Amino acid sequence: MNMNNQDIEEKIFKRIPKEILILSLVLSVGAFIIFDLLSSVLLLFGGVTAVLSFIWLKSSITKLLAQGKKKAVKSAALLYGVRLVLIIAIIFIIIFFFQNKVLAFAAGFSTIIVVLLIEGAAAALKIMKWKS
């Protein structure tokens, strides 16, 4: 069965949010065991925020690529400006209310990096396997 690259990419893009949530959930259980409930909840909230950010980014890029170049640049600047402001606002709220627990949120939000690294390594292994 021969799948084209677009099908493979779509499978990966659908899998990434699930993997982020699973990793965040596993880490939040560990944070609950090692630290406390608030750290656990903030870690999970960071993971959920990362998932929402990823989904928003994916859908906005898809929509922007369908537009003309001039309109896409203006829309992208506005959209990513709003996205950045929202992420900064969430982080400031966490800092304001939970000063000692910022790292728990940051760990959850950073799970996207771990998941993308794993997906990238898996894709690279498949390509190397396919070429040999």
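The following refers to the structure shown.

## A closer look at helix 1 (residues 5-34)
Counted at 1.5 Å a residue, the expected span for helix 1 with its 30 residues is 44 Å, and the 42 Å between its end C-alpha atoms agrees. Its axis deflected by about 25° at Ile16, helix 1 carries its strongest bend there, up to four residues before the proline Pro17. Taken together, the buried positions of helix 1 are occupied by Ile12, Ile16, Pro17, Ile20, Ser24, Ser28 and Ala31.

## What about the nonpolar core?
Of all hydrophobic cores here, the largest spans eight residues; its members are Ile12, Ile16, Ile20, Ala50, Val51, Phe54, Ile112 and Val115. Elements with a contribution of two residues or more to this core: helix 1, helix 2 (37-66) and helix 5 (111-131). Excluding residues within four positions of it along the chain, Val51 makes contact with Pro17, Ile20 and Leu21.

## Some words on the packing of aromatic side chains
With the rule as written, the count across this model stands at five aromatic pairs. Seen in terms of ring centroids, Phe13 and Phe54 are 6.2 Å apart; in terms of plane orientation they differ by 45°. Their pairing is tilted. A residue pair is termed long-range when its members are at least 10 positions apart, and Phe13 in helix 1 and Phe54 in helix 2 qualify at 41 residues. Look at Phe13 and you get partly exposed, because its relative accessible area is 34%. Ring geometry for Phe45 versus Phe105: centroids 5.7 Å apart, planes at 40°, classification tilted.

Procedures and definitions
- Counting of residues starts from 1 at the beginning of each chain's written sequence and follows it residue by residue.
- Predicted model: local features are reported for residues with pLDDT of at least 70 only, side-chain atom pairs are reported and counted for 80 or more only, and whole-chain, interface and lining totals are derived from all residues.
- The side-chain figures draw on all heavy atoms in the structure; neither hydrogens nor water molecules are used.
- Segments assigned H or I by DSSP are reported as helices when at least four residues long, segments assigned E as strands when at least two residues long, and all are numbered from the N terminus.
- By this rule, a helix spans an expected 1.5 Å times one less than how many residues it contains.
- Bend is computed residue by residue as the angle between axes fitted to the seven residues ending at the residue and the seven residues starting at it.
- Each residue is placed in one exposure class: buried if its accessible area under a 1.4 Å probe, protein chains only, is under 20% of its type's maximum, exposed if it is over 50%, and partly exposed if it falls in between.
- Nonpolar core, defined: a set of buried Ala, Val, Leu, Ile, Met, Phe, Trp, Tyr and Cys residues in which side-chain atoms within 4.5 Å join the residues together.
- Every residue pair with non-hydrogen atoms within 4.5 Å of one another is taken to be in contact.
- Put simply, two rings from Phe, Tyr or Trp (the six-membered ring, in Trp's case) pair if the centres are within 6.5 Å, and we call them stacked under 30 degrees between planes, edge-to-face over 60, tilted for the rest.

Read these as layout, nothing more, since geometry by itself doesn't imply function.
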